[in-house]
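Letter by letter, the chains look like this.
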Amino acid sequence: MASPSHSVRPATLLAQLAGAIDEATGGLVPALQASTTFLRDPDNRYRRGFDYGRDANPLTRLFESVLAALEGGAAARAFASGMAAMTAVLRTLPEGAHVVAPRVMYWGLRKWLQKAAARNRLCVDFVPIDDLDAVRAALRPGVTQLLWVETPANPTWVVADLAALAELAHWAGARFVVDNTVPTPLLTRPIAFGADLVVHSATKYLNGHSDVVAGVVVTAREDEFWAELCRIRHDEGAILGPFEAWLLLRGLRTLAVRLARQCASALQLAAALEGHPALARVLYPGLASHKGHTIAARQMQGGFGGMLSIVVRGGAEAAIAAAAAVRIWKRATSLGGVESLIEHRASIEGEDSPAPPGLLRLSVGLEDWRDLLADLEGALARTG
Ligand code: PLP
């Protein structure tokens, strides 16, 4: 594969996959190279840079180089899922390490952290991440190893002030890690705000077609922590496979146009739904009424993302009934795909969920927003 060029704007980099051309054929689409093992040179070296599929494969490496360029990082490693990527970061920490994490975050990782704490594998403090005094109080200078942030955060879209949190983390001597799944590097580049590591579930917007499970970690610099993370992926083998990487690269090429439309539609929907008599609240960082709006407006460029939540006045029962009555929205988990999804989060997340009982999470796809609005309004009218 010809070496990628990174000196262009994100939409150009994405559309042309950083200029990657298949050298053998001139193909504009990268060839699917599925080999798990690679030929040694006669002098016993591997000059082409590949030896064994648990370490790297050409398509996964191309995806990593595009993500590192998009995030403004030094390097990236792709994993078999978002959770594999995120837990690899956390497992790089020594036994008993102190971690500060948000109360509102992807529930799967919150549960993982709670279990790690219950087994004394890690010591975790969960804090309201939009309260800088609470974060400062939880950080233990010289002890805390990692501050974890997701912004805007599932499922109420709490906004974290990345620049202020990076400063706090570094004051305490901790690494600052940002889950950038929801905004993607097109809306927010956490490394520019001081993040040390950026993680993604690439299953969501980066792929965008609900047909690949994948994850990635991007580092601001190649230091000892990064070397240990690379060792974990190599030794334990949670690498992204070539078939998934091929599909992911196919999806990634259209991220800029998909996300622009998703942001525009989400804003239209949020504005149209705010004040609806059946709804107690509409949660979307693009609304002036949202607690994190000012920070989001400063920190996010080109839109406020494709995710919002509505809180149905009638509580859990009314929300579940409304989700059952839609005809266009799909009742399904996940986010960031071309099709719009609706989900009652408290049912999924269980008792300690920060989601109010009436909360429905909406992942806005590529349908016409007016159809999506009419469908939701119809469902609320039929069940309200
Ligand atoms: N982070 C966020 C914000 C997510 O929404 C998810 C999945 O829903 C994950 C991480 C986990 O990613 P994966 O499902 O690819 O393991």
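Residues numbered from 1 in each chain as written. Predicted model: local features only at pLDDT ≥ 70, side-chain atom pairs only at ≥ 80, totals over all residues. Heavy atoms only, no water.

Looking at unusual backbone geometry
Glycine aside, negative phi is the norm for most residues, and most peptide bonds take the trans geometry.
Point 1. For the bond running from threonine 151 to proline 152, omega is -15°, close enough to zero to count as cis.
Point 2. Tracing the sequence through the fold places proline 152 in the loop between strand 4 (144–150) and helix 6 (162–171).
Point 3. In this chain, asparagine 154 is followed by proline 155 through a cis amide linkage whose omega measures -10°.
Point 4. Within the secondary structure layout, proline 155 lies in the loop between strand 4 and helix 6. (Helix = DSSP H or I, 4+ residues; strand = E, 2+ residues; numbered from the N terminus.)

Some remarks on the site of the ligand
Point 1. As a matter of local geometry, the ligand sits amid 14 residues, with Met83, Asp179, Ser201, Thr203 and Lys204 nearest to it.
Point 2. For the ligand, an oxygen atom lies 2.9 Å from a polar atom in the side chain of lysine 204.
Point 3. Relative to its unbound accessible area of 390 Å², the ligand is 91% covered by the protein chains.
Point 4. A per-element tally of the shell around the ligand places helix 3 (residues 82–91) first, with three residues.
Point 5. Class assignment of the residues belonging to the shell around the ligand gives a composition of five nonpolar, six polar and three charged. (Near = heavy atom within 4 Å. Polar contact = N/O pair within 3.5 Å; in protein donor to acceptor, adjacent residues only side chain to side chain. Areas by Shrake-Rupley, 256 points an atom, 1.4 Å probe, with all protein chains shown as cover. Nonpolar A, V, L, I, M, F, W, Y, C, P; charged D, E, K, R; others polar.)

Structural notes on the pattern of salt bridges
Point 1. Tallied over the full model, the rule gives 22 salt bridges.
Point 2. The shortest N-O distance in the salt bridge between arginine 231 and aspartate 235 comes to 2.8 Å. Here arginine 231 and its partner aspartate 235 are both found in helix 8 (residues 224–236), four residues apart, which amounts to about one turn of the helix.
Point 3. On the accessibility criterion, arginine 231 (35% relative accessible area) is partly exposed.
Point 4. In this structure, a network of salt bridges that share partners links the residues Arg110, Glu343, Arg345, Glu349, Asp352 and Arg361. (Salt bridge = Lys/Arg side-chain N within 4 Å of Asp/Glu carboxyl O. Buried < 20%, exposed > 50% of the residue type's maximum accessible area, 1.4 Å probe, protein only.)

Re the sheet that holds strand 11 (residues 341–344)
Remark on secondary structure: sheet strands pair via backbone hydrogen bonds, oriented parallel or antiparallel.
Point 1. Spatially, five strands are ordered 8-9-12-11-10 in an open sheet, and the strand pairing comes out mixed. Edge positions in the sheet fall to strand 8 (279–283) and strand 10 (330–331), since each of these pairs with one other strand and no more.
Point 2. Of the pairings in the sheet, the one linking strand 11 to strand 12 (residues 359–363) comprises four bridges and is antiparallel in character. Bridge assignment links histidine 344 to a residue of strand 12, and that residue is leucine 360.
Point 3. Relative to the sheet, helix 12 (residues 315–325) contacts strand 9 (307–312), strand 10, strand 11 and strand 12, its axis offset from that of strand 11 by approximately 155°. (Pairing = 2+ DSSP bridges. Contact = heavy atoms within 4.5 Å. Axes fitted to C-alpha atoms, helices over the stretch in contact; angles between N-to-C directions.)

With respect to the side chain of threonine 156
Point 1. Within the secondary structure layout, threonine 156 lies in the loop between strand 4 and helix 6.
Point 2. Leave out the neighbours within four places in its chain, and threonine 156 touches Val104, Leu283, His290, Pro354, Pro356 and Leu359.

Things to note about the packing of aromatic side chains
Point 1. By the definition in use, this model includes two aromatic pairs.
Point 2. Aromatic side chains phenylalanine 38 and phenylalanine 50 sit 5.4 Å apart centroid to centroid with 35° between the ring planes, which places their arrangement in the tilted category. Here phenylalanine 50 lies in the loop between helix 1 (10–15) and helix 2 (58–71) and phenylalanine 38 lies in the loop between helix 1 and helix 2, a separation of 12 residues in the sequence. Here phenylalanine 38 and phenylalanine 50 have matching classes, each one buried.
Point 3. Both rings, one in tyrosine 284 and one in phenylalanine 304, keep their centres 6.5 Å apart while their planes meet at 70°; by these two values the pair is edge-to-face. Residue tyrosine 284 is found in the loop between strand 8 and helix 11 (293–299), and its partner phenylalanine 304 is found in the loop between helix 11 and strand 9; the two are separated by 20 residues along the sequence. One exposure class covers both tyrosine 284 and phenylalanine 304, and it is buried. (Phe/Tyr/Trp six-rings, centres within 6.5 Å; stacked < 30°, edge-to-face > 60°.)

A short note on the packing of helix 3 against helix 4 (residues 107–118)
Point 1. Direction vectors running N to C along helix 3 and helix 4 enclose 30°, while the axes themselves pass 11 Å from each other. Judged by the twist between their axes, the crossing of helix 3 over helix 4 is right-handed. Between helix 3 and helix 4, the contacting residues are Met83, Met86, Thr87, Leu90 and Arg91 on the first element and Gly108, Leu109, Trp112 and Leu113 on the second.
Point 2. Its residues assigned to classes, the contact of helix 3 with helix 4 shows six nonpolar, two polar and one charged. (Left-handed = near helix turned anticlockwise from the far one by under 90°.)

Side note on helix 12
Residues spaced three or four apart along an α-helix point in a common direction, a consequence of the helix completing one turn every 3.6 residues.
Point 1. For helix 12, the set of buried residues is Gly315, Ala318, Ala319, Ala322, Ala323 and Ala325. Looking down the long axis of helix 12, one finds its buried residues gathered within 165° of arc, a one-sided arrangement. Opposite the buried face of helix 12, by more than 90 degrees, sit the exposed residues Glu317 and Ala324.
Point 2. Looking at the packing, one finds that the buried side of helix 12 touches strand 9, strand 10, strand 11, strand 12 and helix 14 (369–383). (Arc of directions from axis to C-beta.)

Remarks on the domain arrangement of the protein chain
Point 1. Under the domain assignment used here, the protein chain contains domain 1 (10–252) and domain 2 (256–383).
Point 2. Between domain 1 and domain 2, the C-alpha centre-to-centre distance is 26 Å.
Point 3. For the pair domain 1 and domain 2, the summed buried area comes to about 2,900 Å², and 59% of that belongs to carbon and sulfur atoms.
Point 4. Of all residues in domain 1, Trp157, Leu187 and Tyr205 give up the largest surface area on contact with domain 2, accounting jointly for 26% of the area buried on that side.
Point 5. Joining domain 1 to domain 2, the criterion identifies four salt bridges.
Point 6. Measuring nitrogen to oxygen at the nearest pair gives 3.9 Å for the salt bridge that ties arginine 110 to glutamate 349.
Point 7. Inspection of the domain 1/domain 2 interface yields 18 residue pairs in polar contact (both at pLDDT 80 or more).
Point 8. Residue assignment for the side of domain 1 that touches domain 2 shows that the elements contributing at least two residues are helix 1, helix 4, helix 6, helix 7 (184–187) and helix 9 (242–252).
Point 9. Tallied by class, the residues present in the side of domain 1 that touches domain 2 amount to 19 nonpolar, 11 polar and five charged. (Domains from an automatic or database assignment. Buried area = accessible area lost by both parts, 1.4 Å probe.)

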